[in-house]
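If you want the building blocks of each chain, they are given just below.
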Amino acid sequence: MEISLVPFLSQEDYSHLYTLFPEMDSAFNLNTNTKKRQRKDDEGGGRGNNDGSSGELMKNNNSLQDILASLLLLDEEENREQEKWLMESEQDKATFQVNFKQQSQAMNDYYTQIQDRYSESDELNHLQTKRARLSAVAVAGAASENVGSENSVQPSAGPSASLGQQRRLWVKDRSKDWWDRCNSPDFPEDEFRRSFRMSKATFEMICNKLDSAVTKKNTMLREAIPVRQRVAVCIWRLATGDPLRLVSKRFGLGISTCHKLVLEVCSAIKTVLMPEFLHWPDEGRMKKIKEEFESMSGIQNVGGSMYTTHIPIIAPKVSVAAYFNRRHTERNQKTSYSITVQGVVDPKGVFTDVCIGWPGSMPDEQVLEKSALSKRANTGALKDVWIVGNSGFPLMDWVLVPYTHQNLTWTQHAFNEKIGDIQKVAKEAFGRMKGRWSCLQKRTEVKLQDLPVVLGACCVLHNICEMRNEEMDPGWNSDLFDDEMIPENSIRSAIAVQARDHIAHNLLHHGLAGTSFL
């Protein structure tokens with residue numbers, strides 16, 4: 001059942017009703033006079049009836065006025081109740097605000113007390129740790145003094161006493177026999193090269209250049225790890241890709257220590273060696289590179305061969321979809337994630353530019369757009385220089401790629417063969433780098449944010465080995481899975497289209513495309 005509200009009359013409606021009373025009175029009076037003239041001959045009873053009807057009309061008027069008065073009273077009462085309700089609401093609101101402020105102040109005071117207690121607890125823990133360290137240092141000093149005094153009193157204590165003097169506190173005794181044999185001058189050169197993917201002379205050169213960056217000082221509690229051992233831990237880990245627990249057994253160090261050493265040495269390689277061994281060639285070097293590529297393919301002004309490879313990683317905790325590699329997943333029948341490494345090499349396979357760390361789902365053309373090489377080209381630094389790429393890159397004013405449409409002409413087919421010869425240089429360079437540093441072939445234990453530093457160190461070490469003509473064992477070679485994708489917009493410049501056609505015709509008519517005209 002629905003209940004509808006009774007509409008109350010407004011003040012204007014009341015005034016309208018009041019104006020109707022005089023009109024009603026005049027109408028009733030006129031009607032009475034007319035009846036009197038028509039009934040002059042009637043009996044006196046009729047007059048009595050008229051008097052009775054007028055009395056009844058007056059009663060009706062009085063009742064209507066009573067109704068209007070009651071309506072006015074109800075309206076006033078409703079207004080008073082509404083005003084009362086508004087006042088009570090304002091009082092409740094004010095009370096609520098006061099209570100809220102009090103509770104907020106109490107919570108803030110409680111939070112401040114908790115913070116103060118935590119600060120006091122941290123200070124107390126810091127003091128206790130400091131005291132414990134001081135006591136440990138004092139104990140170590142007293143022990144060393146006692147050992148020194150015993151040795152001075154008993155000089156013939158034997159080798160056991162000297163071994164006891166060299167021990168340090170909280171240092172676990174691990175075997176270092178394997179590293180001691182590798183570090184010996186009598187260690188065979190071939191075995192050393194198989195273990196570290198380089199000769200002793202190259203290893204010694206790297207250690208000398210990194211000496212100032214990785215050297216640590218001895219402390220009262222332990223001796224610092226030598227520079228040669230630090231560098232060896234890093235290079236052996238990159239070369240074999242073995243897990244850290246095996247590295248720990250090989251070098252007699254803790255697992256966490258080995259992991260720390262790998263990151264520290266890789267960072268030092270990036271800081272110290274990269275500016276010297278991996279940089280964009282100057283004008284003189286670029287001229288030689290162009291001449292070597294021209295003698296190889298017959299194409300002029302080629303300044304580098306470009307390729308992009310993928311490095312497998314463990315599924316990251318954030319942005320998993322961005323690192324998902326669909327082509328590797330389909331090929332290996334196993335969910336794969338990767339990051340990209342884009343590199344430009346010279347005719348000898350030495351990297352002149354690298355771009356590391358973009359997600360594996362990103363195609364080659366997008367990696368190129370975000371690289372420092374593209375920024376260098378946009379500033380005009382690659383004028384009159386072609387960078388040769390595969391079909392995964394677009395044709396641009398400075399990027400030369402093969403023809404990708406069907407039904408190629410003989411000229412276009414011959415051009416693609418020459419471009420393939422140049423592109424093969426970069427692909428083989430990446431194959432040698434992955435083969436020499438086996439850590440690039442498997443998912444590494446390094447965190448995603450630290451991985452670009454490790455990959456950069458591998459590129460620098462690859463350049464050092466290539467420049468020093470380090471031999472590659474045939475068993476080290478790694479086959480690359482070419483997952484290039486033809487970009488949606490494979491042509492970015494009409495001028496580049498004309499230049500590519502001109503190069504193709506020039507190769508054919510000058511007998512550089514595998515044929516000649518008599």
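Note that the coordinates shown come from a computational prediction; the quantities given were computed from them, not determined experimentally.

Enquirer: Please provide a residue-by-residue account of the environment of Val 265, values included.
Expert: Take Val 265: it is sitting in helix α9 (residues 255–277). When the C-alpha atoms of Val 265 and Val 454 are compared, they prove to be 9.2 Å apart, with 189 residues separating the residues in sequence. Contacts of Val 265, omitting those with residues within four sequence positions, involve Leu 210, Val 214, Arg 230, Val 231 and Cys 234.

Enquirer: Tell me about the packing of aromatic side chains, residues and numbers included.
Expert: One pass over the full model with this rule turns up 12 aromatic pairs. Centroid distance Tyr 307 to Phe 430: 5.6 Å. Interplanar angle 50°. Geometry classified as tilted. In this pair, Tyr 307 sits in strand β1 (residues 302–313) while Phe 430 sits in helix α15 (residues 410–436), placing the two residues 123 residues apart along the sequence. Per residue, the accessibility class of Tyr 307 equals that of Phe 430, and both read buried. These aromatic residues form a ring-pair network of at least three members: Trp 178, Trp 179, Phe 192, Phe 196, Phe 203, Trp 236 and Phe 251. Taking the ring centre of Trp 476 as reference, the NZ or CZ of Arg 197 above it sits at 4.7 Å.

Enquirer: Requested: an account of the packing of α9 against helix α16 (residues 451–467), with residues and values cited.
Expert: For the pair α9 and α16, interaxial distance at closest approach is 8 Å and the crossing angle is 50°. One way to sum up the angle between α9 and α16 is to call them oblique. Every pair of crossing elements has a handedness; the one defined by α9 and α16 is left-handed. Contacts between α9 and α16 pair Leu 263, Cys 266, Ser 267, Ile 269, Lys 270, Leu 273, Met 274 and Phe 277 from the former with Val 453, Val 454, Gly 456, Ala 457, Val 460, Leu 461, Asn 463, Ile 464 and Met 467 from the latter. Its residues assigned to classes, the contact of α9 with α16 shows 13 nonpolar, three polar and one charged.

Enquirer: Describe the sheet that holds β1, listing the residues and the values that go with them.
Expert: Spatial strand order, β3-β2-β1-β4-β5: five strands in an open sheet with mixed pairing. Two strands lie at the open edges of the sheet, namely β3 (351–359) and β5 (399–400), each paired on one side alone. Sheet topology places β1 next to strand β2 (residues 337–345); nine bridges connect them, and they run antiparallel. If you follow Thr 309 over to β2, its bridge partner there is Val 341.

What counts, and where the lines are drawn
- Residues numbered from 1 in each chain as written.
- Predicted model: local features only at pLDDT ≥ 70, side-chain atom pairs only at ≥ 80, totals over all residues.
- Heavy atoms only, no water.
- Helix = DSSP H or I, 4+ residues; strand = E, 2+ residues; numbered from the N terminus.
- Contact = heavy atoms within 4.5 Å.
- Phe/Tyr/Trp six-rings, centres within 6.5 Å; stacked < 30°, edge-to-face > 60°.
- Buried < 20%, exposed > 50% of the residue type's maximum accessible area, 1.4 Å probe, protein only.
- Lys NZ or Arg CZ within 6 Å of the ring centre and 35° of its normal.
- Axes fitted to C-alpha atoms, helices over the stretch in contact; angles between N-to-C directions.
- Parallel < 35°, antiparallel > 145°, perpendicular 65-115°, else oblique.
- Left-handed = near helix turned anticlockwise from the far one by under 90°.
- Nonpolar A, V, L, I, M, F, W, Y, C, P; charged D, E, K, R; others polar.
- Pairing = 2+ DSSP bridges.

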